[in-house]
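# Residue-level structure breakdown
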Amino acid sequence: MTSRADLAREIAASFAAAGLETPEREARALLRAGLGLSDVDLLARADAAVPEAEAHRLRALAARRAAGEPLARLVGRREFWSLDFALAPETLVPRPETETLVEAALAAFPDRATPLAILDLGTGSGALLAALLSEYPAAFGIGVDLSPGAARQARANLESLGLGARAAILVGAWADALAGRFDLVVSNPPYIPTMDIAALDREVREHDPLLALDGGPKGLDAYRAIARALPGLLRPGGRAVLELGIGQEGDVATLLTAVGLAPDGPARRDLAGIARAIVTRPA
Ligand SMILES: C[S@@+](CC[C@H](N)C(=O)[O-])C[C@H]1O[C@@H](n2cnc3c(N)ncnc32)[C@H](O)[C@@H]1O
């Protein structure tokens, strides 16, 4: 009989041999996700036996992880803003740095009771929209995605988080199908220059959808389309919060000022110190 601790050690060793950077941490994460345990459960009952069929299943998942499949894809879930999101092949795995946009929105609209109208362009798993609706209990939001599979998953996630009654998810190209105006428009658009995609980590290149990554020749195509739409989408006093790729603040600020929007201070930095969330408002 294999104990949880034995299995964690065995899997960590296989991860180390495969060159994963944090083998012990990833092994624990795989066990937690695979057995549906909290970290505390795992540590407190490290000597508990793992039934052979479970151990077999976890070893198979570990082999896929060692071969480069991200854990979030293996277990089909990812946490964002302390909320749990199911993933589909068409959804990006939500990234911790995207939480910077939620922080920027909370700083722009400090009164949580405000009945904000929120728009999330390129909603993917619905991560940003759900995080914002969870923070603003009187808000209503629309999420848009060009991918029907992503839109379906976003809708399911908002429902299972109990936010479905305050959200609508549409399939469409950015704001083309929308006529209304919003207090808060957020977007984490695809921003990787096409030429750079081949050089991305395998975990991203092979497992995140291209539609979520490819920002065109300079990585700016989606920003250009979104910037064109923003003046017609924002209410007076509204804010747009856009995620930035590394080094894109200047180019994106130029696109936004060209359509008459005013920057609301320097972009907010993520935990790595990278300018990540640019905030603008109607001039
Ligand atoms: C970088 S992902 C962000 C997903 C999610 N908002 C997040 O932060 O995890 C960009 C999203 O934009 C969507 N997308 C790409 N082109 C689009 C377009 N023309 N109109 C609407 N959505 C688009 C992709 O399908 C993808 O879900």
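Residues numbered from 1 in each chain as written. Predicted model: local features only at pLDDT ≥ 70, side-chain atom pairs only at ≥ 80, totals over all residues.

The cut-off we apply is this: UniProt positions are given in the numbering used here, feature names are shortened, and annotations may be inferred rather than shown by experiment.
The name given to the protein in an unreviewed UniProt entry is Release factor glutamine methyltransferase, with Starkeya nomas as the source organism. We quote the UniProt Function (unreviewed entry) comment for the protein here in full: "Methylates the class 1 translation termination release factors RF1/PrfA and RF2/PrfB on the glutamine residue of the universally conserved GGQ motif."

## Some points on the overall build of the protein
Put simply, the rule reads: Helix and strand assignments come from DSSP, with helices taken as H or I runs of at least 4 residues and strands as E runs of at least 2, each series counted from the N terminus. Here the globule rule reads 2.2 Å times residues to the power 0.38, and the radius of gyration is calculated from C-alpha atoms. Each residue is classed by its C-beta neighbour count within 10 Å, where at least 20 other C-beta atoms makes it buried, 12 or fewer makes it exposed, and intermediate counts make it partly exposed; the C-beta atoms are placed from backbone geometry. Here, residues touch in the contact sense if the C-beta positions derived from the backbone fall within 7 Å of one another.
On a plain count of helices and strands, the protein comes out with 12 helices and 12 strands. Taken against the 2.2 N^0.38 rule, which gives 19 Å for 283 residues, the C-alpha radius of gyration of the protein at 20 Å falls within 12% of a compact globule. Counting only C-alpha atoms and orienting by the principal axes, one finds that the protein spans roughly 65 × 40 × 35 Å. Within the protein, the proportion of its 283 residues that are buried is 41%. Sequence-distant contacts, at least 24 apart, represent 66% of the contacts inside the protein between residues at least 6 apart.

## Quick word on the packing of helix α6 (residues 99-108) against helix α7 (residues 127-135)
Applied cut-off: Only the contacting stretch of a helix is used when fitting its axis, a line to C-alpha atoms as for every element, and angles between N-to-C directions run 0 to 180 degrees. Two helices that cross are described as forming a left-handed crossing if the nearer one is turned anticlockwise from the farther one by less than a right angle, and a right-handed crossing if clockwise. The nonpolar class holds Ala, Val, Leu, Ile, Met, Phe, Trp, Tyr, Cys and Pro. Asp, Glu, Lys and Arg form the charged class, and all remaining residues, Gly among them, are polar.
It is at 10 Å that the axes of α6 and α7 come closest, and there the two elements cross at 35°. You can see that α6 and α7 cross each other, and the crossing is right-handed. Between α6 and α7, the contacting residues are Leu101, Val102, Ala105 and Leu106 on the first element and Leu128, Ala131, Leu132 and Glu135 on the second. Of the residues that constitute the contact of α6 with α7, the class distribution is 7 nonpolar, no polar and 1 charged.

## Structural notes on the site of the ligand
The condition that has to hold: Near residues are defined by distance alone, with the backbone-placed C-beta atom required to lie within 6 Å of the molecule or strand.
In the vicinity of the ligand there are 21 residues, among which Gly122, Gly124, Leu146, Asn188 and Ala212 approach most closely. Of all the elements in the fold, those that place two or more residues in the shell around the ligand are α7, β6 (140-145) and α10 (210-213). Taken together, the residues that form the shell around the ligand break down as 13 nonpolar, 7 polar and 1 charged.

## Structural notes on the nonpolar core
Operational definition: A set of buried residues drawn from Ala, Val, Leu, Ile, Met, Phe, Trp, Tyr and Cys, joined through C-beta atoms within 7 Å, is what defines a nonpolar core.
Among the nonpolar cores identified, the biggest contains 76 residues, and Ala105, Leu132, Val185 and Val241 are the most heavily contacted of them. A total of 7 residues in this core trace back to one element, the largest contributor, which is α7. Each residue touching Val185, except ones within four places of it in the same chain, is listed here: Leu119, Leu121, Leu230, Leu233, Leu234 and Ala240.

## Focus: the domain arrangement of the protein
Stated formally: As annotated, the domain borders come from an automatic or database domain assignment.
When cut into domains, the protein gives domain 1 (2-67) and domain 2 (77-282). The gap between the C-alpha centroids of domain 1 and domain 2 is 34 Å.

## What about unusual backbone geometry?
Excluding glycine, residues mostly have negative phi values, and the peptide bonds linking residues are mostly trans. Even without glycine at this site, Ser82 takes up a positive phi of about 60°. You can see Ser82 is positioned in the loop between β3 (77-80) and β4 (83-86). Its identity is not glycine, yet Trp174 carries a phi of approximately 40°, on the positive side. Note that Trp174 resides in the loop between β7 (167-171) and β8 (182-187). Residue classification places Trp174 among the buried residues on the basis of 21 C-beta atoms within 10 Å.

## Things to note about the UniProt feature "domain: Release factor glutamine methyltransferase N-terminal" (unreviewed entry) in the protein
Under the feature "domain: Release factor glutamine methyltransferase N-terminal" (unreviewed entry), the UniProt entry names residues 7-76. Along residues 7-76, the helical share is 71% and the strand share 3%, with 21 Å between the first and last C-alpha atoms.

## A look at the UniProt feature "domain: Methyltransferase" (unreviewed entry) in the protein
UniProt records the feature "domain: Methyltransferase" (unreviewed entry) at residues 118-205, using the numbering of this structure. What you have in residues 118-205 is 30% helix and 24% strand, and the ends, taken at the C-alpha atoms, are 30 Å apart.

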